[in-house]
Amino acid sequence: MCSYCGCESVTVIGRFMAEHEEVVNACGELRRSCGRRPTDVTRAADHLRALLRPHTDAEEMGLFAVLGQDPEFTEHVRTLCAEHAALDAALDRIAAGAHEEMSAFERALRRHIDREENGLFPAAAIRFAGPEWDLVVSMTPPASVP
Ligand SMILES: [Fe+2]
Ligand SMILES: [Fe+2]
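Along each chain, the written sequence defines residue order, and numbers are assigned to residues from 1. Chain A is the first chain written and ligand 1 is the first ligand written, with later ones labelled in order. Since the coordinates come from a predicted model, pLDDT governs what is reported: local features require at least 70, and pairs of side-chain atoms require 80 or more to be given and counted, while whole-chain, interface and lining totals use all residues.

Trainee: For this particular structure, what's the right way to read the overall build of the protein chain?
Mentor: Going along the chain from the N terminus, every DSSP run of H or I of four or more residues is numbered as a helix, and every run of E of two or more is numbered as a strand. Scanning the protein chain for helices and strands turns up 5 helices and 0 strands. What you see in the protein chain, going N to C, is helices and strands ordered as α-α-α-α-α. Principal axes of the C-alpha set define a box for the protein chain whose edges measure 50 × 30 × 25 Å. Each residue gets a C-beta atom placed from its backbone, and two residues are in contact if those atoms lie within 7 Å. In the protein chain, the proportion of contacts linking residues at least 24 apart, taken out of those at least 6 apart, comes to 71%.

Printed below as a string of structure tokens:
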């Protein structure tokens, strides 16, 4: 959790950080479900997917789209988008039975979140003023309730 720049006070960043907590909790549920009945794994994977996909879509459609226009951040944003795709694919494989990937998936998810909360989000908070945030908010789909 970033606690040094006040970026959580910006509404959209606060939303994303709250969603990260939900995603991490759902990831823990998925880890615990591995080794139980296949239906438990399916349910936990569906729950995580229902949180993760709208979250990464919202990041990409708003904050990443605007920040990615800045050449200084284009590559960073591209890397984070590639990580979204890789996490999606790994989650699908785990849901299909590749439980041996669970540890690597959880580490990759936590590392990705850390790169956002302690990298991109504070950078955006420093770089953007009011008009940029208005644009980000206007481009970000509303939070969905799974
Ligand atoms: Fe992300
Ligand atoms: Fe995120």
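Trainee: I keep staring at helix 1 (residues 11-33) and nothing clicks. Help me out?
Mentor: Count 3.6 residues to each turn of an α-helix, and residues three or four apart come out pointing the same way. One less than the residue count of a helix, multiplied by 1.5 Å, gives the span that helix is expected to have. With 23 residues, helix 1 ought to run about 33 Å at 1.5 Å a step, and its terminal C-alpha atoms sit 33 Å apart, in line with that. Residues of helix 1 that are buried in the fold lie against helix 2 (38-67) and helix 4 (102-127). Phi turns positive one or two residues past the end of helix 1, at Gly 35, with a value near 100°.

Trainee: Which parts of the structure should I look at to understand the nonpolar core?
Mentor: In a soluble, globular protein the nonpolar side chains are often hidden away together inside. Ranked by size, the top nonpolar core spans 16 residues in total, and within it Ala 45, Leu 48 and Leu 91 carry the most contacts. Ranked by the residues each element gives to this core, the list is headed by helix 2, at 6 residues. Each nonpolar core comprises buried Ala, Val, Leu, Ile, Met, Phe, Trp, Tyr and Cys residues, the members being joined through C-beta atoms within 7 Å. Three exposure classes are used, all based on how many other C-beta atoms lie within 10 Å of a residue's own C-beta (placed from the backbone): buried at 20 or more, exposed at 12 or fewer, and partly exposed between those limits.

Trainee: Teacher, can you tell me more about helix 3 (residues 71-95) here?
Mentor: The terminal C-alpha atoms of helix 3, which comprises 25 residues, lie 37 Å apart, in line with the 36 Å expected from a rise of 1.5 Å per residue. For helix 3, the complete set of buried residues consists of Val 77, Leu 80, Leu 87, Leu 91 and Ile 94. Phi turns positive, to about 120°, at Gly 97, one or two residues after helix 3.

Trainee: Quick question: what am I supposed to make of the packing of helix 2 against helix 5 (residues 130-139) here?
Mentor: For any two helices packed against each other, the geometry comes down to the angle between their axes and how far apart the axes lie. Direction vectors running N to C along helix 2 and helix 5 enclose 145°, while the axes themselves pass 7 Å from each other. For the pair helix 2 and helix 5, contact is made by Met 61, Gly 62, Leu 63, Ala 65 and Val 66 and by Glu 132, Leu 135, Val 136 and Met 139, respectively. Gly is placed with the polar residues, together with every amino acid not listed as nonpolar (Ala, Val, Leu, Ile, Met, Phe, Trp, Tyr, Cys and Pro) or charged (Asp, Glu, Lys and Arg). A class-by-class count of the residues in the contact of helix 2 with helix 5 yields 7 nonpolar, 1 polar and 1 charged. An axis is simply a line fitted to the C-alpha atoms; with a helix, the fit covers only the stretch in contact. Between two such axes, the angle follows the N-to-C directions and lies from 0 to 180 degrees.

Trainee: Honestly, the packing of helix 2 against helix 3 in this entry has me stumped. Any pointers?
Mentor: Two numbers describe how helix 2 lies on helix 3: the axes approach to 10 Å, and their chain directions differ by 165°. By the angle class used here, helix 2 and helix 3 are roughly antiparallel. Judged by the sense of rotation from one axis to the other, the crossing of helix 2 with helix 3 is left-handed. Facing Val 41, Thr 42, Ala 45, Leu 48, Arg 49, Leu 52, Arg 53, Thr 56, Glu 60, Phe 64 and Leu 67 of helix 2, the residues of helix 3 in contact are Phe 73, Val 77, Leu 80, Cys 81, His 84, Leu 87, Asp 88, Leu 91, Ile 94 and Ala 95. Across the contact of helix 2 with helix 3, the residue classes break down as 14 nonpolar, 3 polar and 4 charged. Throughout this description, any angle smaller than 35 degrees is read as roughly parallel, any larger than 145 degrees as roughly antiparallel, any in the 65 to 115 degree range as roughly perpendicular, and the remainder as oblique. Two helices cross in a left-handed way if the nearer one is turned anticlockwise from the farther one by less than a right angle. They cross in a right-handed way if the turn is clockwise.

Trainee: What should I look at first to understand the environment of Phe 121 in this one?
Mentor: Its place among the elements puts Phe 121 in helix 4. The class for Phe 121 is buried, based on 25 C-beta atoms found within 10 Å. The spacing of Phe 121 and Glu 106 is 15 residues in sequence and 21 Å in space, taken between C-alpha atoms.

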